[in-house]
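Overview (structure and organization)
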Amino acid sequence: MKPTMLYAIIMLVSIILMTSFGFSLSPDTAVSVSDIAAPNTLYVCSAASSMWDGLANAMIQLKKPVFIGFLFALMLLVFTWLWALYQNLLKDKFIRDAFKTPWALTKLYFWGLVFVLMLMMTPNYFRSVRVNGMRSPQILCEYNSPGARAVPAESVHSGH
């Protein structure tokens, strides 16, 4: 087994074990909220803007054209597979070489789709919220995250 594969497996197992047993790498100092307000409180942090967030926001603006492009590429991919299948059925024998191009295009399509989705859907995409009275972008966070603020749940709205 290659060292990078072994490293990836060890990291996956470590992440699964840490989340299963509640281990955390973040500090344990929590924001204190009164017992009365606790059920109606959410914790938000300022969204640390990075190059990836800016790129993701720019790509989200192009969501429809990207979606149309991927559907077009998927249709071309299907026709490529069907053409290879037709060529094999026409000759009435299995020719492995006919499927090399469709298989290579399938791998290219898959990894392109994964790459674009990873760019468009950064972790902040799913956690971003709008808070009444705050202009800066906010994300949902845990009670013990650095810079966490307790806000009433009714003042938090979806960020999209």
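Before reading on, note that the structure itself is shown above.
Here goes a summary of the coordinates provided.

Reading the values: the criteria
Residues numbered from 1 in each chain as written. Predicted model: local features only at pLDDT ≥ 70, side-chain atom pairs only at ≥ 80, totals over all residues. Heavy atoms only, no water. Axes fitted to C-alpha atoms, helices over the stretch in contact; angles between N-to-C directions. Helix = DSSP H or I, 4+ residues; strand = E, 2+ residues; numbered from the N terminus. Parallel < 35°, antiparallel > 145°, perpendicular 65-115°, else oblique. Left-handed = near helix turned anticlockwise from the far one by under 90°. Contact = heavy atoms within 4.5 Å. Pairing = 2+ DSSP bridges.

Right, let's talk about the packing of helix α3 (residues 63–91) against helix α4 (residues 100–120) for a bit. Look at α3 against α4: their axes get within 10 Å of each other, and the N-to-C directions meet at 165 degrees. Taken together, the axes of α3 and α4 lie roughly antiparallel to each other. As for the relative orientation of α3 and α4, their crossing is left-handed in sense. Contacts between α3 and α4 involve K63, V66, F70, A73, L74, L77, T80, W81 and A84 on the former and, on the latter, P102, W103, L105, T106, Y109, G112, L113, V116 and M120.

Strands sit in the order β4-β1-β3-β2-β5 across an open sheet of five strands; the sheet is antiparallel. Edge positions in the sheet fall to β4 (149–152) and β5 (156–158), since each of these pairs with one other strand and no more. Adjacent strand axes in the sheet meet at a mean angle of 50 degrees when their direction is disregarded. In this sheet, β5 lies alongside strand β2 (residues 128–131) in antiparallel orientation, the contact comprising three bridges. Each bridged residue has a counterpart across the sheet, and for V129 the counterpart in β5 is S158.

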